[in-house]
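One-letter residues, chain by chain:
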Amino acid sequence: MLVREEVIVRREHGCAGGRDRFLGTPFDSVGFQQAIDLLEATKADTTFRYVVTPNVDHVVRLEKTRQLAECYDAAWLSLCDSKPISMMAKVLSLEIPQVTGSDLTVALFDKVIGDTDKVAIIAANDTLVDDLKRTFPRMSLRTFVPPIGLLGDKDGMRRCVEFAAQGDEQFIFIAVGSPQSERIAFELSRHPKSHGVALCVGASLEFIVGAKKRAPSWMRNAGLEWLHRLSSEPRRLWRRYVYSVVPLMRLFANECWTRRLRARSQ
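In short, a report on the structure. (Residues numbered from 1 in each chain as written. Predicted model: local features only at pLDDT ≥ 70, side-chain atom pairs only at ≥ 80, totals over all residues. Heavy atoms only, no water.)

What follows is about the nonpolar core. Formed by 33 residues in total, the largest nonpolar core has its most connected members in Val51, Leu104, Phe173, Leu199 and Leu205. Going through the elements one at a time, α2 (32-41), α6 (101-112), β5 (118-123), α7 (126-135), β7 (171-175), β8 (197-200) and α10 (204-209) are the ones with two or more residues in this core. Take this core: its biggest share by element is five residues, from α6. Once you skip the residues sitting within four places of it in the chain, Leu104 turns out to touch Phe32, Ala35, Ile36, Leu39, Val51, Leu79, Val99 and Leu199. Residues Phe48, Tyr50, Leu62 and Ala165 belong to the second largest nonpolar core, which totals 28 residues. (Core = buried A, V, L, I, M, F, W, Y, C linked by side-chain atoms within 4.5 Å. Buried < 20%, exposed > 50% of the residue type's maximum accessible area, 1.4 Å probe, protein only. Helix = DSSP H or I, 4+ residues; strand = E, 2+ residues; numbered from the N terminus. Contact = heavy atoms within 4.5 Å.)

Here we come to the packing of α2 against α6. At a closest axis distance of 11 Å, the pairing of α2 and α6 adopts a crossing angle of 50°. Regarding the angle of α2 to α6, the classification is oblique. By crossing handedness, the relation of α2 to α6 is classed as right-handed. Contact residues: Phe32, Ala35, Ile36, Leu39 and Glu40 in α2; Asp103, Leu104, Ala107, Leu108, Lys111 and Val112 in α6. Residue classes in the contact of α2 with α6 are distributed as eight nonpolar, no polar and three charged. (Axes fitted to C-alpha atoms, helices over the stretch in contact; angles between N-to-C directions. Parallel < 35°, antiparallel > 145°, perpendicular 65-115°, else oblique. Left-handed = near helix turned anticlockwise from the far one by under 90°. Nonpolar A, V, L, I, M, F, W, Y, C, P; charged D, E, K, R; others polar.)

Bringing helix α8 (residues 154-166) into the picture now. Think of an α-helix as turning once every 3.6 residues; residues three or four places apart then point the same way. Helix length check: α8 (13 residues) gives 18 Å between terminal C-alpha atoms against 18 Å at 1.5 Å per residue, within 8%. Those residues of α8 that are buried are in contact with β5, β6 (140-144), β7 and α9 (180-189). At the N-terminal end of α8, a side-chain oxygen is found 3.2 Å from the backbone nitrogen of Asp155, two or three residues along, and the residue is Asp153. (Expected span 1.5 Å × (residues − 1). Polar contact = N/O pair within 3.5 Å; in protein donor to acceptor, adjacent residues only side chain to side chain.)

The alternating pattern of β8 places Val197 and Leu199 on one face and Ala198 and Cys200 on the opposite face, and all of these are buried. One ladder, built from three bridges, connects strand β3 (residues 49-52) with β8; its direction is parallel. When the bridges of β8 are listed, Val51 appears paired with Leu199. Here four bridges tie β7 to β8, and the two strands are oriented parallel to one another. (Pairing = 2+ DSSP bridges.)

Turning our eyes to something else, we now look at a nonpolar patch on the surface. Where nonpolar side chains cluster on the molecular surface, the patch consists of Val245, Val246 and Met249 and spans about 280 Å² of accessible area. Within the secondary structure, Val245 sits in helix α13 (residues 234-265). Assessed through its relative accessible area of 46%, Val245 is described here as partly exposed. (Patch = residues over 30% accessible without salt bridge, like charges linked within 9 Å, V, L, I, M, F, W, Y side chains within 5 Å. Areas by Shrake-Rupley, 256 points an atom, 1.4 Å probe, with all protein chains shown as cover. Salt bridge = Lys/Arg side-chain N within 4 Å of Asp/Glu carboxyl O.)

Set out below in structure tokens:
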């Protein structure tokens, strides 16, 4: 476990850990237990911060839409939610631990957030809200379901930010997909009344309530969780995975070449 002094030092900076830029995306060299310790330490703090968990889809999107970079650069924690990316980093002697948003969310509800704690949820649909209230009947859940087509809806985005800023919850889970969630978190960081910790969690809450089934542990350990998700939701996800492979390989090749040239010049 992190000693208290180390936790304080990390919290006083813009990000929580040593940060590398890999494949054009910021990643913190923070492991799973370190992330939990850091998040647990924020329960007594009112300073706002947020957590993003970039995966392959995020990395490829960032290459195409660089204006989203500020949302990841400003994050207090940017954790690698991809086994392939973590393995690519190791090839170049970079330590970028894999910390999946799903595992992080489960651990927070199991070990950090108590039954009587207050939690805010920005959810994609009412069904998820109902499932969460049934799963955590004693927990104080304040929820908001924004309109469909949120990314292009400035008023809808503003309402999400205002909803999160007006409460007194220590943890805010934003589960409306990427890049909407990251944009909301970034705008929330600029709100004068924001506080607590916001986490962009993707489908993590749906896994917790059983609305979706996660890959078995052996597939997760082998870096094949993407294959399980693709087989579970082929019509929704096939384009995301198929069209991410070539851009990811190109980004990795560019990364290798750039670092090789940098090493030669030193």
